[in-house]
Amino acid sequence: MRMKTRLSMLLTCLCTLLLSGCAYVNYSFSGTSIDTDVKTVTVNYFGYKALKVNPTLSNDLTEAMRDKFKKLTKLEEVEMDGDLEIEAEVTGYEVRAASVSADEVAERNRLTVSVKLKFTNRKHPEEDLEKSFSAFADYDSTNSLDAVEASLCEEIVEKLAEDMFNACVAQW
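Please read all numbers here as calculations on a predicted model, not as lab measurements.

(A) Inspection of the overall build of the protein at higher detail. A count of helices and strands for the protein gives three helices and six strands. If you list the helices and strands of the protein from N to C, you get α-β-β-α-β-β-β-β-α. Taking all 172 residues of the protein together, 34% fall into the buried category. Intrachain contacts of the protein at a sequence separation of at least 6 include 66% that bridge at least 24 residues. For the protein, the computed accessible surface area is about 11200 Å², with 54% contributed by carbon and sulfur atoms.

Written as structure tokens, this is what we have:
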């Protein structure tokens, strides 16, 4: 009985030490690492500089980033001069062959979207970031781009928004 009591006390002490150590670390279960003095975010409309035009892509990317911040942070979105500011532009939108058959015919095509991002942290300028991102989705070459473009762009926008959000505030 005495051994059981000692073991119980030891386990209690260990748990207490482990839990008290967690109080000093800034953990976030949403995956974000945002300092407590940061309260607002501004996500500017994404520009479009790619040669091939997709009229909805800028808006879709802008809204996807805004949604990420709404869903995964407690930051208030403001029109301008947020503590965090996101600026971006679509720099590439292209289709290329992803795989070619033995007789040199494209079997699968790849739509790739590239974005240049500028992240500004007005509270902690050392966290500022300028980086390019790209994401792609493949499709069967028997389909025309027009037939699959909407679903491919939806998939690409989600990937890009996730990658850009993580680069800005997840810091993993």
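(B) Spatial organisation of the environment of lysine 49. Structurally, the position occupied by lysine 49 is in the loop between β2 (47-48) and α2 (57-72). Overall, lysine 49 belongs to the exposed group, its relative accessible area being 57%. The residues touching lysine 49, leaving out its near neighbours within four places in the chain, are Glu89, Val90 and Thr91.

(C) Representation of the pattern of salt bridges. Tallying each qualifying case throughout the model produces 10 salt bridges. Ionic pairing is found between glutamate 89 and lysine 49, a salt bridge with its closest N-O pair at 3.6 Å. In this pair, glutamate 89 is assigned in strand β4 (residues 84-100) and lysine 49 in the loop between β2 and α2, connecting sequence segments 40 residues apart. Across the pair arginine 66 and glutamate 77 runs a salt bridge whose closest N-O atoms are separated by 3.1 Å. In this pair, arginine 66 sits in helix α2 while glutamate 77 sits in strand β3 (residues 76-77), placing the two residues 11 residues apart along the sequence. Since its relative accessible area comes to 21%, arginine 66 is described here as partly exposed. With a relative accessible area of 32%, glutamate 77 lands in the partly exposed category. Here the residues in one salt-bridge network are Glu63, Arg66 and Glu77, joined through shared partners.

(D) Seen up close, a negative patch on the surface. Together, Glu87, Glu126, Asp128 and Glu130 make up a negatively charged patch on the protein surface. Here glutamate 87 is to be found in strand β4.

(E) Region of the structure containing the side chain of asparagine 121. Following the sequence through the fold, asparagine 121 ends up in strand β5 (residues 106-121). Overall, the relative accessible area of 3% leaves asparagine 121 in the buried class.

(F) Main features of the packing of aromatic side chains. Tallied over the full model, the rule gives one aromatic pair. Lysine 159 extends its terminal NZ or CZ atom over the ring of phenylalanine 136, reaching a point 5.4 Å from the ring centre.

(G) Main features of α2. In this model, α2 (16 residues) spans 22 Å end to end at C-alpha, consistent with the 22 Å of a helix rising 1.5 Å per residue. Of all the positions in α2, only Leu57, Ser58, Leu61, Thr62, Ala64, Met65, Lys68 and Phe69 are classed as buried. End-on, the buried residues of α2 take up no more than an arc of 160°, which puts them together on one face. Of the exposed residues in α2, the ones pointing more than 90 degrees away from its buried face are Lys70 and Lys71. The inward-facing, buried residues of α2 abut β1 (40-43), β2, β4, β5 and α3 (145-170).

Conventions we followed
- Residues numbered from 1 in each chain as written.
- Predicted model: local features only at pLDDT ≥ 70, side-chain atom pairs only at ≥ 80, totals over all residues.
- Heavy atoms only, no water.
- Helix = DSSP H or I, 4+ residues; strand = E, 2+ residues; numbered from the N terminus.
- Buried < 20%, exposed > 50% of the residue type's maximum accessible area, 1.4 Å probe, protein only.
- Contact = heavy atoms within 4.5 Å.
- Areas by Shrake-Rupley, 256 points an atom, 1.4 Å probe, with all protein chains shown as cover.
- Salt bridge = Lys/Arg side-chain N within 4 Å of Asp/Glu carboxyl O.
- Patch = residues over 30% accessible without salt bridge, like charges linked within 9 Å, V, L, I, M, F, W, Y side chains within 5 Å.
- Lys, Arg positive; Asp, Glu negative; His and termini not counted.
- Charge placed at Lys NZ, Arg CZ, Asp CG, Glu CD.
- Phe/Tyr/Trp six-rings, centres within 6.5 Å; stacked < 30°, edge-to-face > 60°.
- Lys NZ or Arg CZ within 6 Å of the ring centre and 35° of its normal.
- Expected span 1.5 Å × (residues − 1).
- Arc of directions from axis to C-beta.

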